[in-house]
Amino acid sequence: MVFKRVILQTRFGRKRKHGREDNFRCVQEGFRRQRIRGEEDSSHMSQSAEETLGEEDSNKVDQSVEGTRGEEELNQMDQSDESMDRISLMPDHIIHRILSSLRNVKDVVRTSVLSKRWRFLWYSFSILIFDERKFAVGIEHEDSGNKGMMFRDHVYNSLQTHLEENVCLQKLVLHMTSFDLEAVPHIDHWLSVVIGKSIKELDLHVGSKIRKRYTLPEAVLSSKTITGLRLSRCKLVNYNNIMLPNLQKLYLRKLNLFDLIVERLISNCPSIEDLRFIQCAGFNRLQISNNFRLKRVEIHYCNQLTKVEVSAPDLHTFWYCGKKSMPCKVSLEGCRSLKRLTLDHPHVTRDFFEKQIDKFPLLEKLDLSIPKKMKYIILSNPQLQQIALKGYNNLGIVVIDGNNLLSLEYKGDKLPHFSINPFCLTGAKLSFEPKRYHNFFEYGHPSWSLLEVFIKKFEPEGFKLILYSNKNIVIHEDLKNISLPSLPGLSVEIIKSTACVEDILYSLLRSFRPESISIISRFDSKFPELVYEAIKKKDMDPICCKYTTLNNKCWRHFLKDVKFWDLKVIEDLNVIDGLKAAEDLIYWLRLTYAKLDCQMAHLSLCWNANLHGVESLET
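As the structure is a computational prediction, the values presented were derived from the model and not from experiment.

### Thoughts on the overall build of the protein chain
Piece 1. A count of helical and extended segments in the protein chain gives 18 helices and 25 strands.
Piece 2. Burial statistics for the protein chain: of 619 residues in total, 50% are counted as buried.
Piece 3. Contacts in the protein chain between residues at least 24 apart in sequence constitute 54% of all its contacts with a sequence separation of at least 6.
Piece 4. Of the accessible surface of the protein chain, which amounts to about 29800 Å², a share of 49% is contributed by carbon and sulfur atoms.

### Here we look at the packing of aromatic side chains
Piece 1. For the structure on display, the rule yields 11 aromatic pairs.
Piece 2. Centroid distance F277 to F283: 5.3 Å. Interplanar angle 35°. Geometry classified as tilted. Side by side, F277 and F283 carry an identical accessibility label, which is buried.
Piece 3. A ring pair is formed by F418 and F454, whose centres lie 5.9 Å apart and whose planes are at 50°; its orientation type is tilted. In this pair, F418 sits in strand 18 (residues 417-421) while F454 sits in helix 15 (residues 446-456), placing the two residues 36 residues apart along the sequence. Comparing F418 with F454 shows no difference in burial state: the two are buried.
Piece 4. Its guanidinium or amino end placed over the ring of F527, K464 lies 4.9 Å from that ring's centre, counting from NZ or CZ.
Piece 5. One Lys or Arg, R513, reaches over the ring of F558 and ends 4.1 Å from the middle of that ring.

### Observations concerning a nonpolar patch on the surface
Piece 1. The grouping of Y376, I378 and I397 at the surface amounts to a nonpolar patch, some 320 Å² of accessible area in total.
Piece 2. Examined against the element boundaries, I378 turns out to sit in strand 14 (residues 376-380).
Piece 3. A relative accessible area of 49% means that I378 is categorised as partly exposed.

### Structural notes on the pattern of salt bridges
A side chain of one charge can pair with a side chain of the opposite charge when the charged atoms of the two come close.
Piece 1. Applying the stated criterion to the full structure yields 19 salt bridges.
Piece 2. A salt bridge links R285 to E263, with the shortest nitrogen-to-oxygen separation between them at 2.7 Å. Remark: E263 occurs in helix 13 (residues 259-267) and R285 occurs in strand 7 (residues 285-288); sequence separation between them is 22 residues.
Piece 3. Take E263: its relative accessible area is 35%, and that puts it in the partly exposed class.
Piece 4. The residue E309 makes a salt bridge to K307 at a minimum N-O spacing of 3.1 Å.
Piece 5. Overall, the relative accessible area of 36% leaves K307 in the partly exposed class.
Piece 6. Beyond isolated ion pairs, a larger network of salt bridges with shared partners links D274, R276, R296 and E298.

### Considerations on the sheet that holds strand 11 (residues 329-331)
Backbone hydrogen bonds are what pair the strands of a sheet, in a parallel or an antiparallel way.
Piece 1. In space, the 3 strands of this open sheet follow the order 7-9-11, with parallel pairing throughout. The sheet is open, and its two borders are formed by strand 7 and strand 11, each paired with just one other strand. Across the sheet, the mean angle separating the axes of adjacent strands is 5° when strand polarity is ignored.
Piece 2. As judged from the 4 bridges shared by strand 7 and strand 9 (residues 307-310), these two strands associate in the parallel manner. Its bridge partner being in strand 9, R285 is matched across the sheet by K307.

### Description of the state of the cysteines
Where two cysteines share a covalent bond between their sulfur atoms, that bond is called a disulfide.
Piece 1. Under the definition given, this model contains 0 disulfides.
Piece 2. Distance from the sulfur of C234, which forms no disulfide, to the nearest cysteine sulfur (C280) is 9.8 Å.
Piece 3. Its relative accessible area of 1% is what places C234 among the buried residues.

### Side note on the environment of L530
Piece 1. Its place among the elements puts L530 in helix 17 (residues 527-536).
Piece 2. It is 9.1 Å that separates the C-alpha atoms of L530 and E502, two residues lying 28 residues apart in sequence.

### Concerning the pairing of strand 4 (residues 228-232)
On any regular strand, side chains alternate: one points to one face of the sheet, the next to the other face.
Piece 1. Burial analysis of strand 4 places 5 of its 5 residues in the buried class, which makes it a mostly covered element.
Piece 2. Burial along strand 4 is two-sided: G228, R230 and S232 and L229 and L231, pointing in opposite directions, are all buried.
Piece 3. Bridge count for strand 3 (residues 201-208) against strand 4 is 5 bridges, and the pairing is parallel. What sits directly across from L204, in strand 4, is L231.

### Regarding the pairing of strand 16 (residues 397-401)
Piece 1. Alternating positions in strand 16 separate cleanly, V398 and I400 being buried on one face and I397, V399 and D401 remaining unburied on the opposite face.
Piece 2. In terms of strand pairing, strand 14 meets strand 16 through 5 bridges, oriented parallel. Bridge pairing links I377 to V398 in strand 16.
Piece 3. Across 5 bridges, strand 16 lies against strand 18 in parallel orientation. Bridged to V398 within strand 18 is F418.

### Description of the nonpolar core
Piece 1. Core analysis: the largest hydrophobic core is formed by 121 residues, its most contacted members being F318 and L341.
Piece 2. The leading source of residues in this core is helix 18 (residues 579-593), at 5 residues.
Piece 3. One finds I517, F527, W555 and L559 within the second-largest nonpolar core, a separate group that totals 26 residues.

### Things to note about the environment of T349
Piece 1. With respect to the helices and strands, T349 occurs in helix 14 (residues 346-355).
Piece 2. For T349, a relative accessible area of 0% corresponds to the buried category.
Piece 3. Between the C-alpha atoms of T349 and L368, which are 19 residues apart in sequence, the distance is 6.7 Å.

### With respect to the side chain of R152
Piece 1. Along the chain, R152 turns up in helix 11 (residues 147-164).
Piece 2. Among the residues examined, R152 registers a relative accessible area of 11% and is labelled buried.
Piece 3. In this structure the side chain of R152 is engaged in a polar contact, spanning 3.1 Å, whose partner is the side chain of D180.
Piece 4. Other than its neighbours up to four places away in sequence, R152 contacts M176, S178, D180, E182, A183, H186 and W190.

### Some words on unusual backbone geometry
Piece 1. Here N421 and P422 are connected by a cis peptide whose omega angle stands at -5°.
Piece 2. With respect to the element layout, P422 can be found in the loop between strand 18 and strand 19 (427-432).
Piece 3. Unusually for a residue other than glycine, Y301 sits at a positive phi of about 55°.
Piece 4. Checked against the element boundaries, Y301 lands in the loop between strand 8 (296-300) and strand 9.

### Here's the deal with helix 11
Piece 1. Across its 18 residues, helix 11 extends 26 Å between first and last C-alpha, which sits within 8% of the 26 Å expected from 1.5 Å per residue.
Piece 2. Where helix 11 is concerned, the buried positions are G148, M150, F151, R152, H154, V155, N157, S158, L159, T161 and H162.

### Section: the confidence of the model for the protein chain
Piece 1. Residues with a pLDDT of 70 or more make up 71% of the protein chain, whose mean pLDDT is 78.
Piece 2. Here residues 80-84 is a poorly scored stretch, pLDDT under 50, and it has 5 contacts once near neighbours within four places are set aside; other chains count.
Piece 3. Here residues 611-619 is modelled with pLDDT under 50, and outside its nearest four sequence neighbours on either side it reaches 20 contacts, counting other chains as well.

Reading the values: the criteria
Residues numbered from 1 in each chain as written. Predicted model: local features only at pLDDT ≥ 70, side-chain atom pairs only at ≥ 80, totals over all residues. Heavy atoms only, no water. Helix = DSSP H or I, 4+ residues; strand = E, 2+ residues; numbered from the N terminus. Buried < 20%, exposed > 50% of the residue type's maximum accessible area, 1.4 Å probe, protein only. Contact = heavy atoms within 4.5 Å. Areas by Shrake-Rupley, 256 points an atom, 1.4 Å probe, with all protein chains shown as cover. Phe/Tyr/Trp six-rings, centres within 6.5 Å; stacked < 30°, edge-to-face > 60°. Lys NZ or Arg CZ within 6 Å of the ring centre and 35° of its normal. Patch = residues over 30% accessible without salt bridge, like charges linked within 9 Å, V, L, I, M, F, W, Y side chains within 5 Å. Salt bridge = Lys/Arg side-chain N within 4 Å of Asp/Glu carboxyl O. Pairing = 2+ DSSP bridges. Axes fitted to C-alpha atoms, helices over the stretch in contact; angles between N-to-C directions. Disulfide = S-S within 2.5 Å. Core = buried A, V, L, I, M, F, W, Y, C linked by side-chain atoms within 4.5 Å. Polar contact = N/O pair within 3.5 Å; in protein donor to acceptor, adjacent residues only side chain to side chain. Expected span 1.5 Å × (residues − 1). pLDDT = per-residue confidence, 0-100.

Shown next, in the form of structure tokens:
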């Protein structure tokens, strides 16, 4: 069968000798990840903005299992030297727990080579992931013309096997990229099967190269068992019978909607807790009244929306992001439990400051895009812990009163004057994008002076200062003897000195690939060596990179080489590789810090332009 051929085409099938060892390492990794993850309920859909706005990673197998049951068995097997011989004796719930740690269905299938018992046990796994992008990677070149048909056969055979085993399905993820009119009866049949099996979570993405979209069957919107529903790129029509009594999470992405269908969905989903609209078109208003279970609402780039009204007493997160040229009225009257508010739209922010910003007494996290004409803002809330602001040239004063404010983030053309009372920040991140770079941080410039005053408010030995611009990073181990280089597009980050070296590097190197990292530290400090050691450990890849594709690989997979230099020892700067990119910065560092009681370390980083030999996805 086609399904068997797909299994054989995996590298575990092609290289049987090494496959058993590799798969066993996957199982061991599953043990370790489960111990780290503990009691976490991985069946919940992620609530991160990264998942909301990007292409959701539907390849992560996330099954809800009982965390405590079998924990002692896992620890005993992991400590035994005979684990390879005992894997056939594992209880079903332990095997399913291991399978839930793997990143995609292909890895689940590969475990079938571990033993005779595992060969067919994966069929009873209650989460099914069918991603045509991943599936296409394992198809030989001569069969590439039939990959759409082969993918349909694969889905059909897998569902049929689970149907014969009489397994209750927990979740189905179907990400299809080759939709055409011939696929309609197939998808209808698959959805009919899973609805009949009392499916709890359904994630459906139907990409199409033709103008016609797949129309969702009405049976999906009248299921009594579905608790989570994600729909992307399919079509909703004027259904007569919408009733999802147990639906808790509804994500609609890139759908053409209309006001009536939105109203019916909301009114006939009494258990809804998490509601998200991402790049949806066609509807003009969103009204939610007296919903006592709703906890989260997100709206991203639904540019035809002109009015949003939400009244939900238990709402704790609201996020609105829209096109600046498309005004929209947003009202959150009655949402007094709100803890996280994000308004990435200047016009919406202006209305909130005039009428609503003081009506959320429990607000902890605030993220605002400031209008161009606003010259000052005043925020007073005792519960505020994190504030992020995007400003413009006209913003000159920011006054914040809050006893619990710990984190401040600002991005704008210039630095405003910050008045924070009391000053108890444990971290700050400031990014500037001035129109003129050449004299922005010359000594005596207003922005330089404001930043200098702001930095001095922190305890010198309790924080680190990180400056980065373009491809260069400068790290000060403490806040003593700070000087600011005149660099274009400068970003400043102040973090607690107790922060882990790996955490500091990962956030910086993940954002962009610097060509140089310069470190100013005490003479007796080991911090520069720790940074160097942390970067050069290429064998310490994070768990998240084990089963991902090129687009998700972390910075370690692209780093080619790193070299360490002591700038106070090197007389001839030309010996440093990559000097051309950091020549001005190195000259400025030597001129500024050479006579101070400190050490200056410089790391030159070389990156691969492309990563060869890694599977890529077909979008």
